[in-house]
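# Remarks on the overall topology
Chain residues, written in single-letter form:
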Amino acid sequence: MTKVDTLLEDTPGKEVLLLANEAIARGVLESAVRLVALYPGTPSSEIGNNLARMAPHLENFYFEFSSNEKVAMEVAGAAAISGARSMMVCKGPGLNVAADPFFSLAYVGVRAGMVIVVADDPSMWSSQNENDSRYYALMGNMPMLEPADPIEAKEMLHKAYEYSERLELPFLLRTTTRVNHTRAPIIYDDIPARPETVSFEKDPFRFVPVPAVARKRHPWLLEQIEKAREISNSSELNFFESSGDFGIITSGVSYNYVLEALSTMEIDAEILKIGMSHPVPDEKIKELLGRHERIVIVEELQPFLETHARRIAQLQEINVTILGKEQDYFPEVYEYTPKIVMNAFSKMMNRESPVDWEDIEDTKKELPELPPRPPLLCPGCPHRATYYAIRTATRGKAIYPSDIGCYTLSISPPLETADILFDMGSSVTTACGIARVTDQDVVASIGDSTFFASGLPGIANAVYNQHPIALVVLDNRTTAMTGHQPHPGTGLTGMGEQVPGLDIEKVCEGLGVRYVKTVNPFDSMADLVADIRQMLDWIRENQAPAVMISKAPCALLTAAERRRKEERPSPYYVDEETCTGCKRCLNRLSCPAMYLDTETGKAAIDKDLCNFCGTCVDVCPVGAIMQEE
Ligand code: SF4
Ligand code: SF4
């Protein structure tokens, strides 16, 4: 990661190699943004991580890791309505969480610039679905910019604030994983001063969209979108490039693949690169449609630009052939690659691809196969101990609703404790539904960050409606999967201040949960199994929800703490004499630090990987796993 000092430098004109996410964090300074609120989500995580590191060094700047995306949208929206430039950041599915205030914000508008950065994840490298957030722009009547690389990411951020203030509307800046995680040389601009303070000017008949107000605001919003369309048609973000026998319309990262395909295949075509993709630049698209007999649309995921191009052709009565997803030239799923784009061009033009993809595939086959690496919880992860206990206590017969976070990795054998998952917080609510229609035990699990993000309404629902569910809160003291950001339970703010963290046990009790117990999953496996059985007995008897908080820090935090203190605990080992080779530890715990020694047929521990949690000791039926004195 780039040093925070580098991102803070007031050195206009300097060139620095930055990730797009770092360029966006830098752009926040250059755009005089006063407040940023977000809930962490990959592929946007580095924006927040960098801003959190920068925030304590900045005057008149506030940054927070909000408890969820809806909260972040409302915090940032209110700041912009008060007259301070603001930003909200999320990943694609995070915008679903924030959808409610998103739609209202467009109606009421803002007084200072507001940008919502949404990072979509084609191919779902770290997401549960392939949100195409461009449709939020369409449905919510919110203008949108789409950078193709880190340089554009920062430039478009500045433009987004300028346009946002011109139209009094928030702007979406939509990126995709391949843009977020690309590095490029970025030229620094000035860092202007941020306003020390602003004051909220009351205007309830604008900012309180009761039906009578909202009815008036909707036509206003449509008028603003028409003005945005004029900007889109004249903006330099939407530009024509090169020339040739046919036209190409493209946006975002696909633009790069188009350039590579045209140069590799020596094809001449006129490109309309769309940087402001909502509202689409109708006039420019019309111009291109009128100039060529054939137009190719290259865009990842759904046919957003393609549908617009077909609409414009039909309305303008332009007789043009539009080639894209509708004729199966391009897929509607997963990330694009130069290969996908070149193959589509080859098919359209009925010509051989200059790249011998088969040869590349054959070369790949000659390389030694990488060992399969199924998604696994880390060695020493406290969740492994908890899930092992849950499976043992329920003999694998309960239903296990899961949630968004590291714990979803328990889907893999042998733990297999993830049976159903919709979104953040759904472990609690899906458990309620299952418990109401089956007579099976239901043991749901949720993480600590997710508990605060979206678990609370589900718990209130379970208590009020007396759903007989067991909820295990896997409290590893951090938001682990997105890079260890703090949350309301950790006692650390995004500004780096220590504050009293919220106590999960007390929160549950406050919500009316009558059975709440906190355990340490590393204390005793036998006790943990007994605790879970006792909780299930209580639920059967009382027909009400119960919560167990399984609390132990994330293995990566423990390891970092040990390194900091230069501690080296005594290693764990398998005593060859005692081990019977039953493989129970390997087959039922699956700690990545354990393996089968093929020479002895006994289990063994890789000392470099072991994280000293001691869970395997409790799992071995003959006491063959020990810690050196
Ligand atoms: S569970 Fe114990 S006895 Fe069985 S393989 Fe593992 S170490 Fe050996
Ligand atoms: S080998 Fe045992 S002690 Fe080491 S990390 Fe794995 S379960 Fe924990």
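Residues numbered from 1 in each chain as written. Chains lettered and ligands numbered in written order. Predicted model: local features only at pLDDT ≥ 70, side-chain atom pairs only at ≥ 80, totals over all residues. Heavy atoms only, no water.

### Thoughts on the sheet that holds strand β12 (residues 276-278)
On the basis of which strands lie adjacent, the open sheet formed by 7 strands has the order β3-β2-β4-β5-β7-β6-β12 and mixed pairing. With partners counted over all chains shown, the strands left at the sheet margins are β3 (62-65) and β12, one partner each. Across the face of the sheet, helix α3 (residues 45-54) comes into contact with β2 (35-38), β3, β4 (86-91) and β5 (114-120) while running at roughly 130° to β3. (Pairing = 2+ DSSP bridges. Helix = DSSP H or I, 4+ residues; strand = E, 2+ residues; numbered from the N terminus. Contact = heavy atoms within 4.5 Å. Axes fitted to C-alpha atoms, helices over the stretch in contact; angles between N-to-C directions.)

### Let's talk about the site of ligand 1
Around ligand 1 sit 13 residues in total, of which C579, C582, K583, C585 and C620 are the nearest. A per-class count over the shell around ligand 1 returns 9 nonpolar, 2 polar and 2 charged. (Near = heavy atom within 4 Å. Nonpolar A, V, L, I, M, F, W, Y, C, P; charged D, E, K, R; others polar.)

### Notes on the layout of surface pockets
Taken as a whole, the largest pocket encloses approximately 760 Å³ of empty space. For the lining of the largest pocket, the secondary structure elements donating two or more residues are α5 (92-97) and α19 (448-464). Ranked by the residues each element gives to the lining of the largest pocket, the list is headed by α5, at 4 residues. Here the residues of the lining of the largest pocket sort into 19 nonpolar, 19 polar and 5 charged. Here the second largest pocket is characterised by a volume of approximately 310 Å³. Along its surface, the second largest pocket is lined by 16 residues, and L376, C378, C406, L409 and M481 are the ones closest to its centre. Breaking the lining of the second largest pocket down by element, the ones donating at least two residues are α17 (382-394) and α22 (555-565). In the lining of the second largest pocket, the residues fall into 13 nonpolar, 3 polar and no charged. (1 Å grid on protein atoms, 1.4 Å probe; cavity = no way out; pocket = protein on both sides within 12 Å on 5 of 7 lines; lining within 4 Å. Points joined across faces, edges and corners; volume = space filled by probe spheres on them.)

### Digging into the pairing of strand β15 (residues 443-447)
Burial runs high along β15: 5 of the 5 residues are buried. Burial along β15 is two-sided: V443, S445 and G447 and A444 and I446, pointing in opposite directions, are all buried. Pairing analysis gives 5 bridges linking β15 to strand β16 (residues 470-475), with the strands arranged parallel. Bridge pairing in β16 links A444 to L471. With α19 bridging β15 and its parallel neighbour β16, the resulting β-α-β unit is right-handed. (Buried < 20%, exposed > 50% of the residue type's maximum accessible area, 1.4 Å probe, protein only. Right-handed = clockwise from strand over helix to strand, strands pointing away.)

### Notes on the packing of aromatic side chains
Any aromatic ring pair is given by two values, namely how distant the centres are and how the planes are angled relative to each other. Using the criterion set out here, one finds 12 aromatic pairs in the structure. Plain terms: the ring middles of Y135 and F304 are 5.2 Å apart, the flat faces sit at 90° to each other, and that makes the pair edge-to-face. Here F304 lies in helix α14 (residues 304-315) and Y135 lies in helix α7 (residues 134-140), a separation of 169 residues in the sequence. Overall, the relative accessible area of 27% leaves Y135 in the partly exposed class. When the ring of F451 is compared with that of F452, the centres are 5.0 Å apart and the planes differ by 85°; the resulting orientation is edge-to-face. In this structure, F451 and F452 share a single accessibility class: buried. Grouped by ring-pair contacts, the aromatic residues F102, F103 and Y136 constitute a single cluster. One cation-aromatic arrangement involves K273 over Y255; the distance from NZ or CZ to the ring centre is 5.4 Å. We note R291 situated over the ring of F240; from NZ or CZ to the ring centre the distance is 4.7 Å. (Phe/Tyr/Trp six-rings, centres within 6.5 Å; stacked < 30°, edge-to-face > 60°. Lys NZ or Arg CZ within 6 Å of the ring centre and 35° of its normal.)

### Focus on the environment of V33
Within the secondary structure layout, V33 lies in the loop between α2 (20-30) and β2. Among residues more than four places away in sequence, those in contact with V33 are V28, F61, R85, S86, M87, Y161 and R194.

### Side note on the side chain of T176
Tracing the backbone shows T176 in strand β7 (residues 171-176). Every residue in contact with T176, bar those within four places of it in the chain, is listed here: D120, P122, V253 and E300.

### Topic: the site of ligand 2
Around ligand 2, 13 residues are found, and the nearest of them are C591, C610, C613, G614 and C616. Judged by the proximity of its atoms to the pocket grid, ligand 2 belongs to the largest cavity. When its residues are assigned to classes, the shell around ligand 2 shows 10 nonpolar, 3 polar and no charged. (Sits in = over half its atoms within 2 Å of the grid points.)

### A look at the packing of α17 against helix α21 (residues 525-542)
At their nearest, the axes of α17 and α21 sit 9 Å apart, and the two run at 55° to each other. In terms of their interaxial angle, α17 and α21 are classed as oblique. As α17 runs across α21, the sense of the crossing is right-handed. Of the residues in α21, those in contact with A385, T386, Y388, A389, I390, T392, A393 and T394 of α17 are M525, L528, V529, I532, R533 and L536. The residue makeup of the contact of α17 with α21, split by class, is 10 nonpolar, 3 polar and 1 charged. (Parallel < 35°, antiparallel > 145°, perpendicular 65-115°, else oblique. Left-handed = near helix turned anticlockwise from the far one by under 90°.)

### Let's talk about the domain arrangement of the protein chain
We note that the domain assignment places domain 1 (4-234), domain 2 (238-364), domain 3 (382-562) and domain 4 (568-627) within the protein chain. Centre-to-centre separation of domain 3 and domain 4, based on C-alpha positions: 27 Å. Across the domain 3 to domain 4 interface the summed buried area is about 1,100 Å²; carbon plus sulfur atoms make up 55%. Ranking the residues of domain 3 by area buried against domain 4 places R384, Y388 and R562 at the top, with a combined share of 52%. (Domains from an automatic or database assignment. Buried area = accessible area lost by both parts, 1.4 Å probe.)

### What about the packing of helix α11 (residues 211-234) against helix α13 (residues 282-291)?
The geometry of α11 relative to α13 is characterised by a closest axis approach of 7 Å and an angle of 45° between their N-to-C directions. Taken as axis vectors, α11 and α13 run oblique relative to one another. Of the residues in α13, those touching α11 at R229, S232, N233 and S234 are D282, E283 and K284.

### Description of a negative patch on the surface
A contiguous patch of negative charge on the surface is contributed by E352, D356, E358, D359 and E366. Position of E358 among the secondary structure elements: in helix α16 (residues 357-366). Its relative accessible area of 61% is what places E358 among the exposed residues. (Patch = residues over 30% accessible without salt bridge, like charges linked within 9 Å, V, L, I, M, F, W, Y side chains within 5 Å. Areas by Shrake-Rupley, 256 points an atom, 1.4 Å probe, with all protein chains shown as cover. Salt bridge = Lys/Arg side-chain N within 4 Å of Asp/Glu carboxyl O. Lys, Arg positive; Asp, Glu negative; His and termini not counted. Charge placed at Lys NZ, Arg CZ, Asp CG, Glu CD.)

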